[in-house]
Amino acid sequence: MKEVFKTDVLIIGSGPAGYTAAIYAARANLKPIVVTGLEPGGQLTITTDVENYPGYENIIQGPWLMEEMKKQAEKVGTQIKNDIITEVSVKNSPFCSMGESGIKYESKSIIIATGAQARWLKIESEEKYKGYGISACATCDGFFFKEKEVAVIGGGNTAAEEALYLTNFASKVTLIHRREKLRSEKILQDRLFKNSKINILWNKKVKEFEGIDQPKQLTNLILEDTKTGETSNLNVSGTFIAIGHDPATSLFKGKLNMDDNNYIITKPDSTETSIKGVYAAGDVKDKIYRQAVTAAGMGCMAALEVEKFLSEVN
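Being a predicted model, the structure only gives us computed values, none of them experimental.

The rules behind the values
- Chains are numbered independently. Their residues run from 1 in the order of the written sequence.
- For this predicted model, a pLDDT threshold of at least 70 governs which residues receive local features, and a threshold of 80 or more governs which side-chain atom pairs are given and counted, while totals over whole chains, interfaces and linings are taken from all residues.
- For side-chain calculations, the full set of non-hydrogen atoms in the structure is used, while hydrogens and water are omitted.
- Strands are treated as partners if at least two bridges between them are detected by DSSP.
- Counting from the N terminus, the helices are the DSSP runs of H or I reaching at least four residues and the strands are the DSSP runs of E reaching at least two.
- All axes are obtained by fitting lines to C-alpha atoms, using only the stretch in contact for helices, and the reported angles, taken between N-to-C directions, cover 0 to 180 degrees.
- What makes two residues a contact is simply this: any of their non-hydrogen atoms within 4.5 Å.
- Whether a residue is buried, partly exposed or exposed follows from its accessible area with a 1.4 Å probe, protein chains only, as a fraction of its type maximum: under 20%, in between, or over 50%, in that order.

### Here we look at the sheet that holds strand E14 (residues 204-213)
The pairing of strands in a sheet happens through backbone hydrogen bonds and is either parallel or antiparallel.
Okay, so step 1: Here three strands make up an open sheet; going across it, the order is E14-E15-E16 and the pairing antiparallel. Edge positions in the sheet fall to E14 and strand E16 (231-235), since each of these pairs with one other strand and no more. For this sheet, the mean inter-axis angle between neighbouring strands, taken without regard to orientation, is 30°.
Okay, so step 2: Relative to strand E15 (residues 216-225), E14 runs antiparallel, the two being bridged by nine bridges. Within E15, the position partnered with Gly211 by the bridge is Leu218.

In structure tokens, the structure reads:
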């Protein structure tokens, strides 16, 4: 017989949004359950230096911050399950969610805080060399490219941050951007331009990844000029894809209203979705700010809205 956990509020996801929601829900005596998901702690667990989260004079580490949030959530009464939700039914209350572990979760409300996942170029040769020179996480894999030449693909904050971080290890970092102007914050651009280890290739995109098979390893990129169509070669030992993220909302397709990019649509000034009792917080609904502090704020909002919702239906 399947194990069943019942709760007033099930929180799916465990980044800043999920843990903050849990803290507020637990303090309201809602006895929340957090299902951590595939990446407990969310994207901050693969972020080393965090210097823009309020309350800390000095740079802090992303994994440490998430561990502290987790401890706080547990201390005030949150039950945390290391499980992955594979199926959700929001047709009737109580809502039913199935875990990969076989556990069934029944809840009067749900807070979706599943975050976002790295976006890939979707080139066939990219799949071949994933894990063999191609990565989407500099903080995870940068160490393996000590004194080697690497490339970063992208032009936003993520790309700029990855490139700067990689200068701690690589001998040279080439930032490849398909346009002639970066989208990253001005302060990050200033740091990029001042760093002697970083070279920027404008108006270029990756056409192919090439390498050797024995042992399997990326060796070079075939680049295409976005204006002239001319191709060129760039020798690198590693490439980091930093072109953004997609919201982790596949569980809710066809069940909740979403926009064309699969971000969950919520009511104005609210985290409430198209289903009453189901709320969304953080990167699953926010494609504008996508910051840890805004995700945490939305987690707070969701918990407060859940508390109000439950007081009306109980």
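### A few points about the sheet that holds strand E11 (residues 149-153)
Okay, so step 1: Strand order across the open sheet formed by five strands is E10-E17-E11-E12-E13, with parallel pairing between neighbours. This sheet does not close on itself; its edge strands, each paired only once, are strand E10 (134-135) and strand E13 (198-201).
Okay, so step 2: Judged from the five bridges that link them, E11 and strand E12 (residues 172-176) form a sheet pairing that is parallel. Counterpart to Val150 in the pairing with E12 is Val173.
Okay, so step 3: Contacts between helix H5 (residues 157-166) and the sheet are confined to E11, E12, E13 and strand E17 (238-241), with E11 contributing the most and set at about 170° to the helix.

### Some points on the pairing of E17
Okay, so step 1: Alternating positions in E17 separate into two faces, Gly238 and Phe240 on one and Thr239 and Ile241 on the other, with burial throughout.
Okay, so step 2: Bridge analysis of E11 against E17 gives four bridges, and the strand direction is parallel. Directly across from Val152, in E17, lies its bridge partner Phe240.

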